[in-house]
Amino acid sequence: MKKNGWILVLFVFLGLIAGTLAANWLSEVPGLSFLTRAMEVGWSPAADLSVIKYSFDIEVRLSLLSIVGAVIAIWLYRKT
């Protein structure tokens, strides 16, 4: 299989989603709170240029399980 950067981005994105889903499912288990606790990172650029006004919000919630999912996705990408 030919290595492609977009395929790697897709693998990482799917790994992050899988890890986040696992963290949501396991959030009720009290012993696994260190894996499911999420850290929020936000970025909101905005400008008002009199002619055009825009604002853009991005928020990323990372937990240890979502990072593990991304690492597994990179490992699977390298195996193919």
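In what follows, the structure referred to is the one given above.
Structural notes, computed from the coordinates. (Residues numbered from 1 in each chain as written. Predicted model: local features only at pLDDT ≥ 70, side-chain atom pairs only at ≥ 80, totals over all residues. Heavy atoms only, no water.)

### Observations concerning unusual backbone geometry
At step 1: The backbone of S50 sits at a positive phi, close to 70°, despite the residue not being glycine.
At step 2: Tracing the sequence through the fold places S50 in the loop between β2 (46–48) and β3 (53–55). (Helix = DSSP H or I, 4+ residues; strand = E, 2+ residues; numbered from the N terminus.)

### Overview of the pattern of salt bridges
At step 1: This structure, assessed with the given rule, holds 1 salt bridge.
At step 2: The partner of R61 in a salt bridge is E40, with the nearest N and O atoms 3.6 Å apart. Of this pair, R61 sits in strand β4 (residues 58–63) while E40 sits in strand β1 (residues 38–43), and the two are 21 residues apart along the sequence. (Salt bridge = Lys/Arg side-chain N within 4 Å of Asp/Glu carboxyl O.)

### A short note on helix α1 (residues 5–25)
At step 1: Over its 21 residues, α1 runs 30 Å from end to end, which matches the ideal 30 Å to within 8%, given 1.5 Å per residue.
At step 2: Packed against the buried residues of α1 are α2 (33–36), β4 and α3 (64–79).
At step 3: Between the side-chain oxygen at the start of α1 and the backbone nitrogen of W6 there is a gap of 3.3 Å, and the oxygen is on N4. (Expected span 1.5 Å × (residues − 1). Contact = heavy atoms within 4.5 Å. Polar contact = N/O pair within 3.5 Å; in protein donor to acceptor, adjacent residues only side chain to side chain.)

### Considerations on a nonpolar patch on the surface
At step 1: A grouping of L10, F13, L14, I17, L21, W25, L26 and V29 is seen on the molecular surface, where their side chains present a nonpolar patch of about 760 Å² in accessible area.
At step 2: Looking at where F13 falls in the secondary structure, it is placed in helix α1. (Patch = residues over 30% accessible without salt bridge, like charges linked within 9 Å, V, L, I, M, F, W, Y side chains within 5 Å. Areas by Shrake-Rupley, 256 points an atom, 1.4 Å probe, with all protein chains shown as cover.)

### Overview of α3
Residues three or four positions apart in an α-helix share a direction because the helix packs 3.6 residues into each turn.
At step 1: Helix length check: α3 (16 residues) gives 23 Å between terminal C-alpha atoms against 22 Å at 1.5 Å per residue, within 8%.
At step 2: Buried within α3 we find L65, S66, G69, A70, A73 and Y77. Down the axis of α3, the buried set is contained in an arc of 145°. They therefore lie on one face. Projecting away from the buried face of α3 at angles above 90 degrees are the exposed residues V71, W75, R78 and K79.
At step 3: Those residues of α3 that are buried are in contact with α1, α2 and β4. (Buried < 20%, exposed > 50% of the residue type's maximum accessible area, 1.4 Å probe, protein only. Arc of directions from axis to C-beta.)

Interpretation note: all reported values are geometric properties and have no functional meaning in isolation.
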